[in-house]
Amino acid sequence: MSRVAVLKGGRSLERRVSLRSGAQVEDALERLGHDVTGIDVGHDLIARLHELTPDAAFIALHGRDGEDGTVQELLEILGIPYTGSGVGASMRCADKVLAKHAFRDAGIATPDFFAFSETAFKQLGAADALQAIELRLGFPIVVKPADQGSALGIKFASAAADVPAALVAALSYSDRVLLERHIAGRDLAVSILDGVALPVVEAVPQGEDFYDFEARYEIGRTAFVCPADLGSDVTDAAQQLALRAHDALRCGSFSRVDLMLDGDGSLQVLEINTIPGLTETSLLPQAADAAGIGFDDLIARILAPALAVGPEPR
Amino acid sequence: MGGSGSLGTGPRGSRAGRSSAHELTRYAGLFAARTREMTSSAMRDLMAITQRPEVISLAGGNPDTTTFPPSSFAALMTSLAASSTARVLQYGPTEGMAEVTECIREVMAAEQTQVDPQDILVTTGGQQVLDLMCKTFIDPGDVIIAEAPTYPGAIPSFSAYQADVIQIGIDEDGMLIDELEATLDRLELEGRRPKFIYTVPTFQNPGGVTMSLARRRRLVEVAHERELLVLEDNPYALLRYEGDPLPTLLSLDGGEFVVYLGTFSKILSAGIRLGWAVAPRPVRDKMNTGKQGVDLCTSSLSQLFVATYFAERRWQDYVDELRELYRVRRDAMLEALEQHFPAEATWTRPQGGMFVWATLPDYIDTTDLLARALEERNVAFVPGRAAYVDGRGGSSMRLNFSGSSEDDIREGVRRIGEVVAEQVALYGTLTGQRPAETPAQRAPGVADEDLADVLHLPRRERRRREAQ
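Residues numbered from 1 in each chain as written. Chains lettered and ligands numbered in written order. Predicted model: local features only at pLDDT ≥ 70, side-chain atom pairs only at ≥ 80, totals over all residues.

Summing up its helical and strand segments, chain A has eleven helices and 13 strands in all. A globule of 314 residues ought to have a C-alpha radius of gyration of about 20 Å, and chain A, at 19 Å, matches this closely. Counting only C-alpha atoms and orienting by the principal axes, one finds that chain A spans roughly 60 × 50 × 35 Å. Sequence separation of 24 or more characterises 69% of the internal contacts of chain A that already satisfy a separation of 6 or more. (Helix = DSSP H or I, 4+ residues; strand = E, 2+ residues; numbered from the N terminus. Rg over C-alpha atoms; globule rule 2.2 N^0.38 Å. Contact = placed C-beta atoms within 7 Å.)

This is the structure:
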């Protein structure tokens with residue numbers, strides 16, 4: 001039995017999902033016989049951890065602070081082993097722009113893109129380059145905050161007139177914005193666990209909206225098919241590409257890689273989530289289940305590397 | 001269902017056996033079709049982080065209950081215990097206790113509306129009236145007419161019954177009756193008859209506007225001509241800070257086609273969850289039957305608490321006190337808006353109630369704006385889209401002035417103004433121009449989108465002032 005702190009909540013936009021993930025994880029860890037303490041991450045995080053001296057921290061945080069290396073760095077300083085990816089990989093994946101550059105450098109297909117900071121628009125007249133970008137990417141363009149994990153702030157621009165408002169929206173969440181060519185196709189997610197790609201999940205939007213990002217992980221508004229109904233060659237290709245992406249960004253023992261399969265059957269990587277949702281309807285638990293790995297087993301496997309490290313700083 | 005949600009009965013953590021994603025999604029397969037409409041939204045994710053203590057929240061819809069003296073509360077409860085402990089602890093009649101029905105008639109009399117006690121149904125908050133109306137009238141796909149914007153809390157009630165909500169625009173005189181009639185004509189051609197028209201005619205939530213007497217008369221006429229029910233939701237009318245009271249739709253109608261929704265929430269306490277409906281007898285009886293299945297009866301403790309409180313005959317003094325408190329807060333908010341919101345913004349100037357509705361240029365999405373306001377300025381409001389079922393309202397926001405101190409209101413509005421100014425400047429940079437026309441410069445009431453921009457009163461006033 002080990003003493004495990006489950007870090008959840010926090011002040012990110014994904015607070016609610018994180019609280020649900022955290023509660024699921026706590027239940028599983030208790031069933032596994034661990035001594036579990038849930039911590040809603042706030043100003044007293046360090047004090048709580050000092051007091052608790054856990055053998056390991058299970059990070060069930062999503063989005064800013066929890067998934068971007070911030071909390072990981074603090075745990076490094078405190079010498080508390082933690083689950084998932086290290087500081088560097090967390091930073092690379094949380095930042096969609098860094099991640100896409102890393103994909104490109106590693107020869108991993110990712111939709112064409114350009115990225116700007118708010119400063120570039122304000123100080124360097126980047127707005128004058130918008131037309132060239134639009135020409136290069138073609139419409140529709142997806143406009144995303146660079147480092148914001150939830151669906152909030154992601155907009156479609158189907159014509160040039162939509163772009164400025166979409167930029168204002170995306171820059172509400174981040175000081176940098178990503179303009180990405182939209183790939184029409186099927187929306188796939190491949191979860192990686194201990195160096196193995198799990199069965200592919202396909203998210204099939206049920207809504208009338210051509211693509212409502214906010215509906216994406218909402219059960220009832222999106223149907224999830226796992227294993228996805230793909231030929232074995234496409235499945236293999238998706239799993240291999242996801243593994244390559246996971247390795248290229250040096251992610252830890254688990255992650256979820258989001259991919260698009262376009263009409264020509266080619267695959268492109270959109271992003272990697274280093275701490276994907278762990279709620280009842282989340283994709284990683286579904287994929288693990290399809291591979292015969294129950295939820296408790298999944299949580300045990302995510303925790304194992306942290307416990308193996310021991311209490312020394314890494 | 002929370003994290004420990006399960007079919008098991010043990011305390012949290014004691015549930016035996018393995019839980020898997022597969023098992024958990026199995027519940028989703030059992031959900032009723034209507035739950036498909038009961039989704040949580042990204043906006044709710046956003047609202048979840050407005051609760052932080054450092055946040056100045058103008059997002060709430062709360063009355064200020066700190067003004068009710070604890071000593072009075074204690075005295076009331078003591079007196080209640082001495083006189084009625086057994087009754088307080090007991091079930092009551094579904095339709096409500098006679099004592100509280102009398103209190104309701106007193107409140108209605110203060111609204112210049114006489115009601116027959118037989119027409120009153122005491123409910124668990126006014127919100128229950130919305131549910132019971134739907135339970136009584138709405139089959140899946142039935143039409144409910146509402147205002148645009150409408151009370152955000154009504155939307156989940158309507159969606160739970162799979163109603164098709166059609167929203168009619170409002171301006172400074174309330175619901176646009178011409179648009180209502182055109183919509184009713186269109187629906188008639190389609191062979192669809194709305195089950196009821198939902199309106200908050202006085203100090204509307206979220207719009208802050210009040211339906212004019214002429215439109216009240218016309219709405220009641222329309223209801224009579226077409227034999228349609230109107231649900232008059234009237235929680236705020238006694239919180240009037242200026243101007244003359246207007247008759248309720250119920251009093252204009254004489255109780256034929258208007259169902260009235262009242263509540264003690266804004267004049268005494270929201271926490272006691274005590275509201276009421278006044279409805280034509282057959283409707284009231286059917287709602288009463290519906291209520292039986294929901295909760296058998298409204299809390300006896302709450303009902304007898306109100307009866308005891310009203311017996312002291314000081315309830316109107318407390319309402320006077322609230323009126324004074326909120327009037328000052330409203331003034332603080334309107335002043336702060338003048339001072340801190342950019343020229344491109346418009347907002348309503350409520351004569352009462354709890355809310356101001358502000359509309360920004362249409363390139364600003366207030367859901368995204370809220371994310372920035374929370375992250376960088378620790379201030380919150382309700383994004384306008386919450387008040388629409390059809391995606392409109394994206395550039396509007398609801399601001400509450402009853403639940404915060406004057407200082408917090410001024411500071412909160414100042415902070416929101418800063419974020420808005422940033423967005424306006426950024427848009428100007430991105431488009432290489434000063435942002436274009438403002439709503440006030442457009443011809444009134446031409447395109448559908450314009451209906452989202454409710455009012456331009458303050459701008460006119462400002463111009464008038466400048467002209468002087």
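After that view, the rundown keeps rolling.
The next point concerns the packing of helix α3 (residues 70–88) of chain B against helix α11 (residues 300–311) of chain B. Residue and element names in this part refer to chain B. Packing of α3 against α11 brings their axes to within 10 Å, and their N-to-C directions diverge by 135 degrees. Judged on the interaxial angle alone, α11 and α3 are oblique. The two elements α3 and α11 meet at a crossing, and its hand is right-handed. Listed contacts from α11 to L76, S79, L80, S84, R87 and V88 of α3 are S300, L301, L304, F305, T308 and Y309. (Axes fitted to C-alpha atoms, helices over the stretch in contact; angles between N-to-C directions. Parallel < 35°, antiparallel > 145°, perpendicular 65-115°, else oblique. Left-handed = near helix turned anticlockwise from the far one by under 90°.)

Turning our eyes to something else, we now look at the confidence of the model for chain A. Of the residues in chain A, 93% reach a pLDDT of 70 or more, and the chain-wide mean stands at 90. Put simply, strand β11 (residues 222–225) of chain A is where chain A has its lowest mean pLDDT, 82, and strand β3 (residues 56–59) of chain A is where it has its highest, 98. (pLDDT = per-residue confidence, 0-100.)

So, about the pairing of strand β8 (residues 258–263) of chain B. Residue and element names in this part refer to chain B. When you tally the buried positions in β8, you get six out of six residues, the bulk of the element. Alternating positions in β8 separate into two faces, V258, Y260 and G262 on one and V259, L261 and T263 on the other, with burial throughout. As judged from the four bridges shared by strand β7 (residues 229–233) and β8, these two strands associate in the parallel manner. Residue pairing across strands places L231 opposite V259, the latter belonging to β8. (Buried ≥ 20, exposed ≤ 12 C-beta atoms within 10 Å, placed from the backbone. Pairing = 2+ DSSP bridges.)

What follows is about helix α1 (residues 15–31) of chain A. All names here are of chain A. Helix length check: α1 (17 residues) gives 24 Å between terminal C-alpha atoms against 24 Å at 1.5 Å per residue, within 8%. The buried fraction of α1 amounts to 16 of the 17 residues, a majority that puts the element mostly inside the structure. Positive phi shows up at G33, right after α1, with a value of about 90 degrees. (Expected span 1.5 Å × (residues − 1).)

Turning next to unusual backbone geometry. Cis geometry marks the peptide bond from C226 of chain A to P227 of chain A; its omega dihedral reads -5 degrees. Assignment of secondary structure puts P227 of chain A in the loop between β11 and α9 (232–248). The linkage connecting A148 of chain B with the following residue, P149 of chain B, adopts the cis geometry, with an omega of 5 degrees. For Q162 of chain B, which is not glycine, the phi dihedral falls at a positive 55 degrees. Within the secondary structure, Q162 of chain B sits in the loop between α6 (154–160) and β4 (164–171).

Okay, the sheet that holds strand β6 (residues 155–157) of chain A next. Residue and element names in this part refer to chain A. The strand order across the open sheet built from four strands is β4-β7-β5-β6, with neighbouring strands paired in antiparallel fashion. The outermost strands of the open sheet, each flanked by one partner alone, are β4 (113–117) and β6. With direction set aside, neighbouring strand axes in the sheet form an average angle of 25 degrees. This element, helix α5 (residues 96–105), spans β4, β5 (141–145) and β7 (176–181) of the sheet and lies at about 45 degrees to β7. Taken strand by strand, helix α8 (residues 163–170) contacts β5, β6 and β7, and its axis lies near 25 degrees from that of β5.

Let's shift gears to the nonpolar core. Residues V168 of chain A together with V230, A277, V306 and A358 of chain B are the most contacted members of the largest nonpolar core, which totals 146 residues. No other element matches the nine residues that helix α14 (residues 406–431) of chain B contributes to this core. Excluding residues within four positions of it along the chain, A277 of chain B makes contact with L121, T123, V129, V259, Y260, L261, R284 and M287 of chain B. In this structure, A57, C93, L283 and A306 of chain A belong to the second largest nonpolar core, which totals 66 residues. (Core = buried A, V, L, I, M, F, W, Y, C linked by C-beta atoms within 7 Å.)

Residue and element names in this part refer to chain B. Here helix α12 (residues 315–340) contains 26 residues, and its C-alpha end-to-end distance of 37 Å stays within 8% of the 38 Å for a straight helix at 1.5 Å per residue. If you check which residues of α12 are buried, you get W315, L322, Y326, R329, R330, M333, L334, A336 and L337. Where the residues of α12 are buried, they touch α11, β10 (346–347), β11 (355–359), β14 (396–400) and α14.

Once that is clear, we can look at the sheet that holds β4 of chain B. All names here are of chain B. If you walk across this open sheet you meet the eight strands as β2-β9-β8-β7-β6-β3-β4-β5, and the pairing is mixed. Strand pairing shows two members of the sheet lacking a second neighbour, β2 (120–123) and β5 (174–175), which therefore form its edges. Contacting β3 (143–148), β4 and β5, helix α7 (residues 177–189) crosses the sheet at an angle of about 155 degrees to β4.

All names here are of chain B. By secondary structure assignment, the location of S71 is in helix α3. Residue classification places S71 among the exposed positions, given that 8 C-beta atoms sit within 10 Å. Taking C-alpha positions, S71 is 59 Å from E190, a pair spaced 119 residues apart along the chain.

Residues and elements named next belong to chain A. Of all five residues in β5, five are buried, a share of seventy percent or more. Neither face of β5 is exposed, since I141, V143 and P145 on one face and V142 and K144 on the opposite face are all buried. Bridge count for β5 against β6 is three bridges, and the pairing is antiparallel. Bridge assignment links V143 to a residue of β6, and that residue is K155.

Residues and elements named next belong to chain B. Two elements in contact, helix α4 (residues 98–110) and α11, have axes separated by 8 Å at closest approach and are oriented at 55 degrees. Relative to α11, α4 is oriented oblique. Relative to α11, α4 is oriented so that their crossing is left-handed. Together, E99, V100, C103 and E106 of α4 and Q303, V306, A307 and F310 of α11 make up the contact between the two elements. The residue inventory of the contact of α4 with α11, partitioned by class, reads five nonpolar, one polar and two charged. (Nonpolar A, V, L, I, M, F, W, Y, C, P; charged D, E, K, R; others polar.)

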